[in-house]
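The primary structure of each chain is shown beneath.
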Amino acid sequence: MFQFTKARDAGLWAPFLASLSKYGPMTTLRMGSQTWVVLNEPQVVADLINKHGKITNERPEMPIAGDLVSHGMRTVIRPTASWTEGRRVMHHLLSGSVLRVYGNWQEIESLQLLSAYLDDPTRWYAHHYRYSIAVLYRLVMGENLDKTQAELDDYQKVTMEFTWSLLRSFVDYFPQFSHWVPTALQWWRPVWVKMGDFHHRVFKDWWDPIRNAVQDGTAKPGFVRDTLLHPEMRYKGSEEEAMYLATSVIAAGSDNTRMTLNTFLMAMISHPEILARAREEMDAVCVEEDGTLRLPGMADFEQLPYLAAMVKEVLRWRPTTPITPQHQLTEDLEYEGYYFPKGTCFVINGIALSQQCDEPDRFDPSRWLDGNEGNITQGLWAFGGGRRICVGYRVAQQALYVAMARLVFCFDLTPDGPVNTRKLNHFSLDKQPFPAKVTVRSPSHEELIQQAAKKRECFLMSVRV
Ligand code: HEM
């Protein structure tokens, strides 16, 4: 258990999680009062999480990460009884018509990313964060991201503290402690209570303006106005639950996208031949016969299979989420000659799963070129599985595709010093996580970005009006 709480300390690569696969497709760990089964191979994940999803989608009691840090309302770890209503509403994030609208917004926000790469290339990691959160903010709140740096820093801190709180406290491994020990004697509480109250305050600061705008009819199109609080949706949750739902979607979506874009850059600077091949594919589509350039966009997706495969390979090569939150079994289960008692916790070991292929350390998008490269969840467990599968996987795929396509097309991406491809340093926020150099590809590409940025300004002005 002690090793498990420290599993991520080496960064998201987590060698401890990788080592668990040496015991076979499943590894049983007895931690605290619970039995955990770590799923290391695709077949057991498909069987236990997808096929038996009806009885493996509960979340266990988590007095720390769930109750104190999340006030019992963060959707990703809520018990099923209180989770289903929010999931019903969030399901709209996967609908085709909504995704087309979101795709337009993602294209618009990516122009800001390109301009930022051009104007301030050494801060590429900060631009990844701004792009990722701006996309989610526009999509959920309907607004241009107008937050100060301090507000963005607070939001980032909230996301990182929450992720950190998962698996960290011994009480979540022995949930009974929170019932046995009287509240006044629970010496562990103050630090987590303070953390949870801080998260609540930050969420409220972000939520109140949009809730007020919806009430007075001035809100812009977005998930909150058109789905969550739309009268036809008949959302049955409380005001607080709506707040946690909207802000959790922003947090879950933006930080994972940010980290994945960092991984993409690491892949590009360490595999120049792959960058060259992706660019060749893109040049064939986006450079006219007379040499005129245009930016790749959502409409080109079908014509850029290598790029689509690259999105999947980035998520496989260095998984953004090394393990999913525990899926708890709600009935006894016999499977492949094993007996799992009710209450067993299953976790998807993203690190071990990512190694189940030839030359796993090699970044090679072509391994996904099987006609399913556009289907992001086919053969890839980066978004979890079963009924709890990431509800934003299509939004994520679009956000990653647009950003990667445009960066590959417009910028040279090279190392700026020695790099260790397993040291992504995802939590280094105020300096480069690894040494990368980004340089615009040519004066024509620079011109293309500047023209597009002007169009973005015009678009934003028209939206403001
Ligand atoms: C590369 C990007 C992303 C990755 C790797 C990722 C990964 C995940 C994983 C592993 C889970 C847990 C699944 C499970 O327990 O089996 C999850 C849940 C979730 N994700 Fe994502 N995600 C990403 C992007 C997004 C985006 C863009 C959004 C929003 C549009 C989003 C919203 C959510 C939400 C709301 C949940 C909780 C779902 C629920 O409670 O039903 N994610 N994500």
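Residues numbered from 1 in each chain as written. Predicted model: local features only at pLDDT ≥ 70, side-chain atom pairs only at ≥ 80, totals over all residues. Heavy atoms only, no water.

An unreviewed UniProt entry lists the chain under the name Cytochrome P450, from Penicillium frequentans. As its UniProt record puts it under Cofactor (unreviewed entry), the chain is described as follows: "heme". (UniProt positions renumbered as here; feature names shortened; annotations may be inferred.)

Trainee: Give me the lowdown on the sheet that holds strand β3 (residues 327-328), citing residues and values where you can.
Mentor: Spatially, four strands are ordered β1-β2-β6-β3 in an open sheet, and the strand pairing comes out mixed. Each edge of the sheet is formed by a strand with only one pairing partner; in this case those strands are β1 (26-31) and β3. (Pairing = 2+ DSSP bridges. Helix = DSSP H or I, 4+ residues; strand = E, 2+ residues; numbered from the N terminus.)

Trainee: Describe the environment of E373, with residues and values.
Mentor: With respect to the element layout, E373 can be found in the loop between α16 (350-353) and α17 (393-410). Exposure remark for E373: the relative accessible area of 13% places this residue in the buried category. For the pair E373 and V311, spaced 62 residues apart in sequence, the C-alpha separation works out to 8.8 Å. With residues up to four places along the chain from it excluded, the contact list for E373 reads P305, A308, A309, K312 and W368. Polar contacts involving the side chain of E373 include one to the main-chain amide nitrogen of G371, which spans 3.0 Å. (Buried < 20%, exposed > 50% of the residue type's maximum accessible area, 1.4 Å probe, protein only. Contact = heavy atoms within 4.5 Å. Polar contact = N/O pair within 3.5 Å; in protein donor to acceptor, adjacent residues only side chain to side chain.)

Trainee: Just give me the short version of the packing of helix α7 (residues 124-141) against helix α13 (residues 239-270), but keep the residues and values in it.
Mentor: Their axes nearest at 8 Å, the elements α7 and α13 cross at an angle of 150 degrees. Judged by the inter-axis angle, α7 sits roughly antiparallel to α13. The interaxial crossing formed by α7 with α13 has right-handed handedness. Contacts between α7 and α13 involve W124, Y125, H128, Y129, Y131, S132, I133, L136, Y137, V140 and M141 from the former and A246, V249, I250, G253, S254, D255, T257, R258, L261, N262 and L265 from the latter. (Axes fitted to C-alpha atoms, helices over the stretch in contact; angles between N-to-C directions. Parallel < 35°, antiparallel > 145°, perpendicular 65-115°, else oblique. Left-handed = near helix turned anticlockwise from the far one by under 90°.)

Trainee: Before we move on, can you summarise the nonpolar core with the specific residues and values?
Mentor: Counting residues in hydrophobic clusters, the biggest one holds 109 residues, and the most contacted among them are V140, M268, F411 and L413. Apart from the residues lying within four places of it in its own chain, the contact partners of L413 are Y117, F264, L265, M268, I269, L275, K437 and V438. If you look at the next biggest cluster of nonpolar residues, it comprises 30 residues, including A7, L166, V181 and W188. (Core = buried A, V, L, I, M, F, W, Y, C linked by side-chain atoms within 4.5 Å.)

Trainee: Residue-level account of the state of the cysteines, with values.
Mentor: A complete count under the given rule lists zero disulfides for this structure. The closest cysteine sulfur to the non-disulfide-bonded C286 is located on C410, 9.1 Å from its own sulfur. (Disulfide = S-S within 2.5 Å.)

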